[in-house]
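Spelled out from the first residue to the last, the chains are:
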Amino acid sequence: MRGTVLCWTDDSAQGRAALVVAAELSDRLDLRLVLAHVAVGAGVPAEHDSGESAAERRIREGAARLVGRLAAEHGVSGRAEHRSAVGDPAVLMSQIAAEEAADLIVIGAPMRGLRRCSERRLAEQLEVATAVPVLIAPSRGRGGSLATG
């Protein structure tokens with residue numbers, strides 16, 4: 001059975017760099033590629049007993065569209081599987097990693113400011129929440145490709 005690379009991506013430069021690195025690893029090592037985006041959904045009220053509110057459903061559907069668009073833009077639509085969820089990114093990414101039997105999680109390198117803090121925190125939380133190794137992909141400006149030139 002082939003191994004799996006799980007990539008947390010978003011519409012940022014760091015999320016795109018993570019997708020590039022994950023796709024290259026998948027190609028070079030003949031691994032399954034799963035792209036995921038977890039949208040933060042704290043404080044969204046639940047409706048009835050369904051467990052997912054209309055607001056959460058809209059957020060999740062938006063996350064699914066984002067992952068599909070990014071896969072198309074990076075030429076991996078036909079081979080990458082897509083996952084999207086709403087909630088705590090570390091908890092849900094570790095859950096997705098378990099469900100997909102991921103061998104590696106790829107996330108984007110932290111940038112400056114608040115986003116840097118949240119991405120660093122995500123990497124630290126994933127380290128605690130799962131036994132799956134986490135690769136922090138450098139941004140393209142710092143060698144985001146695996147090309148050896």
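Residues numbered from 1 in each chain as written. Predicted model: local features only at pLDDT ≥ 70, side-chain atom pairs only at ≥ 80, totals over all residues. Heavy atoms only, no water.

**Student:** Give a description of the sheet that holds strand S5 (residues 134-137) that names residues and reports values.
**Tutor:** Hydrogen bonds along the backbone pair up the strands of a sheet, which may run parallel or antiparallel. Taking strand neighbours across the sheet as the criterion, the five strands line up as S3-S2-S1-S4-S5 in an open arrangement whose pairing is parallel. With partners counted over all chains shown, the strands left at the sheet margins are strand S3 (80-86) and S5, one partner each. Taking the axes of each pair of neighbouring strands and ignoring which way they run, one obtains an average angle of 25 degrees across the sheet. Taken together, the three bridges between strand S1 (residues 4-8) and strand S4 (residues 104-108) define a ladder with parallel strand orientation. From the neighbouring strand, Cys7 faces S4, where its bridge partner is Val106. (Pairing = 2+ DSSP bridges. Helix = DSSP H or I, 4+ residues; strand = E, 2+ residues; numbered from the N terminus. Axes fitted to C-alpha atoms, helices over the stretch in contact; angles between N-to-C directions.)

**Student:** Kindly report on the nonpolar core, identifying the contributing residues and their values.
**Tutor:** Grouped burial of nonpolar side chains is what soluble globular proteins tend to show. Core analysis: the biggest nonpolar cluster contains 20 residues, and Leu33, Leu35, Val76 and Val106 have the highest contact counts within it. Looking at this core, the elements that each hand over two or more residues are S1, helix H1 (13-29), strand S2 (32-39), helix H2 (54-73) and S4. In terms of residue count, H1 provides more of this core than any other element does, six residues in total. Among residues more than four places away in sequence, those in contact with Leu33 are Val5, Ala22, Ala23, Ser26, Val76, Arg79, Ala80 and Glu81. Val34, Val38, Ala90 and Ile105 belong to the second-largest nonpolar core, a separate cluster that totals 18 residues. (Core = buried A, V, L, I, M, F, W, Y, C linked by side-chain atoms within 4.5 Å. Buried < 20%, exposed > 50% of the residue type's maximum accessible area, 1.4 Å probe, protein only. Contact = heavy atoms within 4.5 Å.)

**Student:** Explain the pattern of salt bridges to me, and be specific about the residues and the numbers.
**Tutor:** Counted under the stated rule, the structure contains nine salt bridges. Arg79 is paired through a salt bridge with Asp27; the nearest N and O atoms lie 3.0 Å apart. Taken together, the residues Arg79 in the loop between H2 and S3 and Asp27 in helix H1 connect sequence positions 52 residues apart. In this structure, Glu73 engages Arg69 in a salt bridge whose closest nitrogen and oxygen atoms are separated by 3.0 Å. Here the residue Glu73 and the residue Arg69 both occupy positions in helix H2, the gap between them amounting to four residues, near one helical turn. According to the relative accessible area criterion, Glu73 is partly exposed, its value standing at 43%. Through salt bridges with shared partners, a single ionic network connects Arg32, Glu81, Arg83, Glu99 and Glu100. (Salt bridge = Lys/Arg side-chain N within 4 Å of Asp/Glu carboxyl O.)

**Student:** Please give an account of H2 that cites residues and values.
**Tutor:** The terminal C-alpha atoms of H2, which comprises 20 residues, lie 28 Å apart, in line with the 28 Å expected from a rise of 1.5 Å per residue. Buried within H2 are the following residues: Ala54, Glu56, Ala63, Leu66, Val67, Leu70 and Ala71. Positioned one or two residues after H2, Gly75 has a phi angle of 70 degrees, which is positive. (Expected span 1.5 Å × (residues − 1).)

**Student:** Quick one: what's the story with H1, residue by residue and with numbers?
**Tutor:** For H1, which comprises 17 residues, the first-to-last C-alpha distance of 24 Å matches the rise-based estimate of 24 Å (1.5 Å per residue) to within 8%. When you tally the buried positions in H1, you get 12 out of 17 residues, the bulk of the element. Those residues of H1 lying buried are Gln14, Gly15, Ala17, Ala18, Leu19, Val20, Val21, Ala22, Ala23, Glu24, Leu25 and Ser26. In the segment just after H1, Asp30 is the residue with positive phi, at about 55 degrees.

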